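Summary of structural features
For reference, the chains in residue letters:
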Amino acid sequence: MKYFIGNWKMFGVPKSVNILNKINLFYSEDKNRNKYRVIITPPFTLIESYSKYFKNKSISIGAQNCYQKDQFSSNTAAISSYMLRSVGAKYTLIGHSDNRSEGDNDTMLKDKVRYALKNNLKVVFCIGENKTEKKNKKTLNVLKRQLMKVLEKKFNKKNIIVAYEPIWSIGTGQIPTANELQKTTIHIKKVLKGIFKKNSPAVLYGGSVDGSNVKMFKEIKEIDGFLIGGASKTSKKFIDIIKNYYR
Ligand code: PEP
């Protein structure tokens, strides 16, 4: 099973549902639809209405983040996994580089993962190295540390997806070479097999994925799908990625 996850970030109002209607229509008529899942993570404000709207349809709705506490707390503006699940979210991103750069550390991320799983959300755990780390050939070490500090064997790996997003690639148009990306993905899966024993969870790639570079990514069979930012805000761009992936 492959995954195409669209991360809307700070984008979208109720009428933006039109974008998802087009994606849903494409999916429902696509002969390859049994091979992949489409998940969209709109902002918090749209999760309840979109989850209701797409309840019996193909698109699943997820959140972009969750708070590191269970159920309710006294933290102003915080939103827990319990609250997200109660309005229909099925997934949540955790550890996106935007949130890491705003202060999310490994301890917080571990709690986020724990409570998300406890509240029946599937977790898309994001990891990635920055430009300097890449330049200093620290990528593999950084990724290993990010995984080992947060994920634990006792977590249900069936409900975890890992998204490898090099920070230097997010929103920049720059992407790793096929060779680099294959090596990195194999490394990530090896670390994950060490944590979970036997099988690795799915590993996605994210960072400037579009309808043309997806042709290169599809040659890397270790990649189980994509986390798509910019190109998920336009139905045509998002659909082109799926179309070209299966072409
Ligand atoms: C992201 O923010 O998760 C992302 C991958 O963005 P983009 O596709 O725009 O690089």
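These numbers come from a predicted model, not from an experiment. (Residues numbered from 1 in each chain as written. Predicted model: local features only at pLDDT ≥ 70, side-chain atom pairs only at ≥ 80, totals over all residues. Heavy atoms only, no water.)

So, the site of the ligand
- Around the ligand there are 13 residues in total, and Lys-9, Glu-165, Gly-171, Ser-208 and Gly-230 lie nearest to it.
- A distance of 2.7 Å is found between an oxygen atom of the ligand and a backbone nitrogen or oxygen belonging to Gly-171.
- Measuring from an oxygen atom of the ligand, one finds a backbone N or O atom of Gly-230 at 2.8 Å.
- Class assignment for the residues of the shell around the ligand results in 3 nonpolar, 8 polar and 2 charged. (Near = heavy atom within 4 Å. Polar contact = N/O pair within 3.5 Å; in protein donor to acceptor, adjacent residues only side chain to side chain. Nonpolar A, V, L, I, M, F, W, Y, C, P; charged D, E, K, R; others polar.)

Quick look at the pairing of strand E8 (residues 225-228)
- Here E8 shows a buried face lined by Gly-225 and Leu-227 and a second buried face lined by Phe-226 and Ile-228.
- Note: strand E1 (residues 2-7) against E8, 4 bridges, orientation parallel. Of the residues in E8, the one forming a bridge with Phe-4 is Phe-226.
- Where strand E7 (residues 202-206) meets E8, 2 bridges bridge the pair, whose relative direction is parallel. The residue of E8 that forms the bridge with Tyr-205 is Phe-226. (Buried < 20%, exposed > 50% of the residue type's maximum accessible area, 1.4 Å probe, protein only. Helix = DSSP H or I, 4+ residues; strand = E, 2+ residues; numbered from the N terminus. Pairing = 2+ DSSP bridges.)

Quick word on the environment of Lys-31
- Here Lys-31 is to be found in the loop between helix H1 (17-29) and strand E2 (36-41).
- We classify Lys-31 as exposed; its relative accessible area is 75%.
- Separated by 215 residues in the primary sequence, Lys-31 and Tyr-246 place their C-alpha atoms 10.0 Å from one another.

Let's talk about the sheet that holds E8
- Ordered by their spatial adjacency, 8 strands build a closed barrel running E1-E2-E3-E4-E5-E6-E7-E8, and the pairing between neighbours is parallel. Going across the sheet, the axis of each strand differs from the next one's by a mean of 25 degrees, ignoring polarity.
- Pairing of strand E6 (residues 160-164) with E7 involves 4 bridges; the strand directions are parallel. When the sheet's bridge partners are listed, Ala-163 is paired in E7 with Leu-204. (Axes fitted to C-alpha atoms, helices over the stretch in contact; angles between N-to-C directions.)

Overview of the packing of aromatic side chains
- Counting across every chain of the model gives 15 aromatic pairs.
- Residues Phe-4 and Tyr-36 carry aromatic rings whose centres are separated by 5.4 Å and whose planes lie at 85 degrees to one another, so their mutual orientation is edge-to-face. A residue pair is termed long-range when its members are at least 10 positions apart, and Phe-4 in strand E1 and Tyr-36 in strand E2 qualify at 32 residues.
- Taking the relative accessible area as the measure of exposure, Phe-4 reaches 0% and is therefore buried.
- Residue Tyr-36 is classed as buried on the basis of its relative accessible area, which comes to 1%.
- Between Trp-8 and Phe-11, the aromatic rings sit 5.1 Å apart at their centres with planes inclined by 85 degrees, giving edge-to-face as the arrangement.
- Note on Trp-8: relative accessible area 0%, which makes it buried.
- Each member of the aromatic cluster is reached from another via a ring pair, and the members are Phe-4, Tyr-27, Tyr-36, Tyr-164, Tyr-205, Phe-217, Phe-226, Tyr-245 and Tyr-246. (Phe/Tyr/Trp six-rings, centres within 6.5 Å; stacked < 30°, edge-to-face > 60°.)

By themselves, these figures tell us nothing about what the structure is for.
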